[in-house]
Amino acid sequence: MRVMAQMGMVMNLDKCIGCHTCSVTCKQAWTNRTGVEYVWFNNVETRPGQGYPRTYEDQEKWKGGWEVGRNGKLRLRTGSRLKRLLTIFSNPIQPSIDDYYEPWTYDYETLTNAPLQEHTPVARPRSLLSNEPMKVEWSANWDDDLGGAPELTQADPVLQKISAQVKQQFEQTYMFYLPRICEHCINPSCAASCPSGAIYKREEDGIVLVDQDRCRGWRMCVTGCPYKKVYFNHRTGKAEKCTFCFPRVEVGIPTVCSETCVGRLRYIGVVLYDADRVLEAASTPDEQDLYQAQRSVLLDPDDPQVVRAAEQAGIPRDWIDAAQRSPIHALINRYEVALPLHPEYRTMPMVWYIPPLSPVVDALTGTGHDGEDAGNIFGAIESLRIPVEYLAELFTAGDTGRVTGVLRKLGAMRSYMRDLNLGRPADESIAAAVGMTGRDIQDMHRLLAVAKYDERYVIPTAHAEQGPEREEYDSGCSLDYDGGPGMGGWGPFGETSGGSTPIAVENFHMLAARQTTDTLAAPGDREQRVNLLNWDGKGSPVGLFPPQPHERPGPHGEDGGGVGPDSPAVTDPKP
Amino acid sequence: MNALDVVLWVILPYISLAVFVVGHYWRYRYDKFGWTTRSTQLYERRLLRWGSPLFHFGILFVLLGHVMGLGIPKSWTDAVGLSEQTYHALAIGVGAIAGIGTLAGLAILIYRRRTVGPVFSATTKNDKLMYVVLTATILFGMSNTVLGVLGHEGVDYRDTVSPWFRSIFYFSPDPELMREAGLGFQLHALSALVLFAIWPFTRLVHVFSAPLGYFTRPYIVYRSRDTELGNRAAPRGWDRVGGGRR
């Protein structure tokens, strides 16, 4: 047994309202730069729908992830190492920008420069790639809320897999939201595809990162990842991906997407797993057994043997404690209500989902039945408006039994808790019907419904003595970089040359620029945008929200040069 | 031997090769982040699909041909009984195919670079300079081969260019050899020397990242958080008891 720790996330889809706050704050924090305009480390898809990039789940086409070969061995879907190297000059199956979308901006200057004319001037869209006027025809969530259905929706690869009968039921429209980030897989196929070995999995927390200094832009990772969550920065020529907000997680605060989630549907925690059994589990012949196989790789942190092995493997005590209190371990292995996204890709993803149940209660109530009565709910789950087959294609490689089991648990929880809320005696038979005890159900209810910040996010901090340099710690002294590439501008080979700028230096400059800026908002100068990495959700950083009337005069306004919403032309004197 | 010959065939090669070697070392130390292929496949893939493999595989064979032609002395091939005619038929046959592939690929790639909007706007001045020098070098080289095929062989490059090239590396360069080589070979050699001199400062550095290590490394790379991302070693300030855990 070789115990390793892994950061993971669980999202409760019942609570997702599709507001895209996670996507927007993530973009603000990580991808508001040129070169990654089209990149969303976090995106929210409406299902059924094509997803982002379009139809990424069709692995016959995109060849992401692993497959089991005829000899029973695990291999990448793109073929052998030699084959990948031979196609290195032109990757035949890399999505092009049209599969994501061509990023654009608007010609806002026209609005202020246009001469006096009869008609109102219009800000036309312009491509951010070629700077030419363009027609906006697609984006990261073009089919949001079933926009363009049913034509666009028919291309959904998941929908195409399920039977014709379910497709017909699709006439009774249903939808739900699926927020996606990088899965930080235990068996990452992006890392396996990288010819340069630049993508690595961190030993301490399992976060998968791209070493920007080693990446040579061969683009094989983009194809290798079945979730299409590694992106090519077309400006720097390097791959970029979701970082699980490691600078935040290392100091114990949750990722930006979790922090800002309106529905509070995300849970972050640590699991322990047995690294020696990963390959065997990922090679499980039957796709529908992969869910169980992955669960069996995750270890029980309360087992004294596991704890001893973890200590021997050098996992710090507070990490083991965190694994024992981990909300994601509870949801995955104790209550068994969380399911992995597309386990059939065999990458052992570590962002899991609790499938949505919501419409069932309303639907039952609508037909005149008691929507929260246990008997009614159990009976209705099979005929849910969101077809169980659809959920099963997403979460269990088509095994509807598993999904039904989870939905029954969620239904039982509602029923059982309603009795308690109404002051009626608890009906233990409801709990027993789904193989749980009343105590379990109440604990699960607490975790799913009322869990507070520190119960949803159990994040042990990084240990400085383990790897000497936490990123923030390492780059703590920005003076080291005085005159270096971090302290202003780039090297002689253009914008992206020279060393990569440490995060702390970048933050320092952003803060400094914001504090000394001349104008309230200067979209031309990217460095003045608010860096959400600096925000832990408390207080309000300068520039994040428009100034309130009582805040005037402005932050530097000791001489009364206030900057308010009604005086945008007034500039703030520099200190 | 006049002064110009010495400048062109003795001084220039050493400057060029020194810049090539030191430049790469410096660029790697200073600009790992800028060391990339700068692929534009994201913008356009239909033309790239033909142009890029044609060019890259072509130029790899051209490189192989140069290693043989410049690196292996005539006496060696004579010793193994390879006749002059066979050698030339072989060299010109393979060389012509590889050269045509390279040129066709290059033509497609340059056409693509100029006509596809996003690719054109991603082209830097540095790229343009590199394209000019690279294309010139390939065209000069190719014209030598074509002239050879047409039977206008003035001089045998294996008696002139090759010994001169080798002589650079044993530090007794003989400019006389190049003076006899003829204008075609002289122009090809000169543009190649310029190309070597600008090489480390262009995107051509990606040649040296050919990922051959991929064949031997394990699929999944694990790394500790992290000794390499930061730019300076952290002060430790204490000694670990009983050795490290890794």
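Criteria and cut-off values
- Residues numbered from 1 in each chain as written.
- Chains lettered and ligands numbered in written order.
- Predicted model: local features only at pLDDT ≥ 70, side-chain atom pairs only at ≥ 80, totals over all residues.
- Heavy atoms only, no water.
- Buried < 20%, exposed > 50% of the residue type's maximum accessible area, 1.4 Å probe, protein only.
- Helix = DSSP H or I, 4+ residues; strand = E, 2+ residues; numbered from the N terminus.
- Axes fitted to C-alpha atoms, helices over the stretch in contact; angles between N-to-C directions.
- Parallel < 35°, antiparallel > 145°, perpendicular 65-115°, else oblique.
- Contact = heavy atoms within 4.5 Å.
- Nonpolar A, V, L, I, M, F, W, Y, C, P; charged D, E, K, R; others polar.
- UniProt positions renumbered as here; feature names shortened; annotations may be inferred.
- Pairing = 2+ DSSP bridges.

Novice: Would you explain helix α13 (residues 290-297) of chain A in this entry?
Specialist: Since the α-helix advances by 3.6 residues per turn, residues separated by three or four positions end up pointing in the same direction. Taking burial as the measure, the eight residues of α13(A) include six buried ones, the bulk of the element. Of the residues making up α13(A), those classed as buried are A:L290, A:Y291, A:A293, A:Q294, A:R295 and A:V297.

Novice: What exactly am I supposed to notice about unusual backbone geometry here?
Specialist: If a residue is not glycine, its phi is most likely negative; likewise, a peptide bond is most likely trans. Residues and elements named next belong to chain A. For the peptide bond that leads from R47 to P48, omega is -5°, which places it in the cis range. Backbone torsion omega between Y52 and P53 reads -5°, so that peptide bond is classified as cis. Of note, P53 is situated in the loop between β2 (43-47) and α2 (59-62). Positioned with a positive phi, R264 is a non-glycine residue whose angle comes to about 50°. The topology assignment puts R264 in the loop between α11 (256-259) and β12 (266-274). If you check the backbone angles, M348 has positive phi at about 55° while not being a glycine. By the secondary structure assignment, M348 is in the loop between β13 (339-340) and β14 (351-354).

Novice: Help me understand the packing of helix α2 (residues 46-71) of chain B against helix α7 (residues 161-169) of chain B in this model?
Specialist: How two helices sit against one another is set out by the angle between their axes and by the gap between those axes. All names here are of chain B. Here α2 crosses α7 at 85°, and the two axes come no closer than 8 Å. Relative to α7, α2 is oriented roughly perpendicular. Contacts between α2 and α7 involve G69, L70 and G71 from the former and V161, S162, F165 and R166 from the latter. When its residues are assigned to classes, the contact of α2 with α7 shows three nonpolar, three polar and one charged.

Novice: For this particular structure, what's the right way to read the UniProt feature "transmembrane region" (unreviewed entry) in chain B?
Specialist: UniProt's feature table lists "transmembrane region" (unreviewed entry) at residues 6-26, 47-67, 87-111 and 131-150 of chain B, given in the numbering used throughout. Spanning residues 87-111 of chain B, this segment combines 100% helix with 0% strand, and its end C-alpha atoms are found 35 Å apart.

Novice: Even after reading the chapter, I still don't get the sheet that holds strand β8 (residues 199-202) of chain A, so can you show me in this structure?
Specialist: If you trace the three strands from one edge of the open sheet to the other, you get β9(A)-β8(A)-β1(B), paired in mixed fashion. In this open sheet, the two strands that pair with only one neighbour each are β9 (208-210) of chain A together with β1 (222-223) of chain B. With three bridges connecting them, β8(A) and β9(A) associate as antiparallel partners. Residue A:I199 lies in a different strand from β9(A), and its bridge partner there is A:V210.

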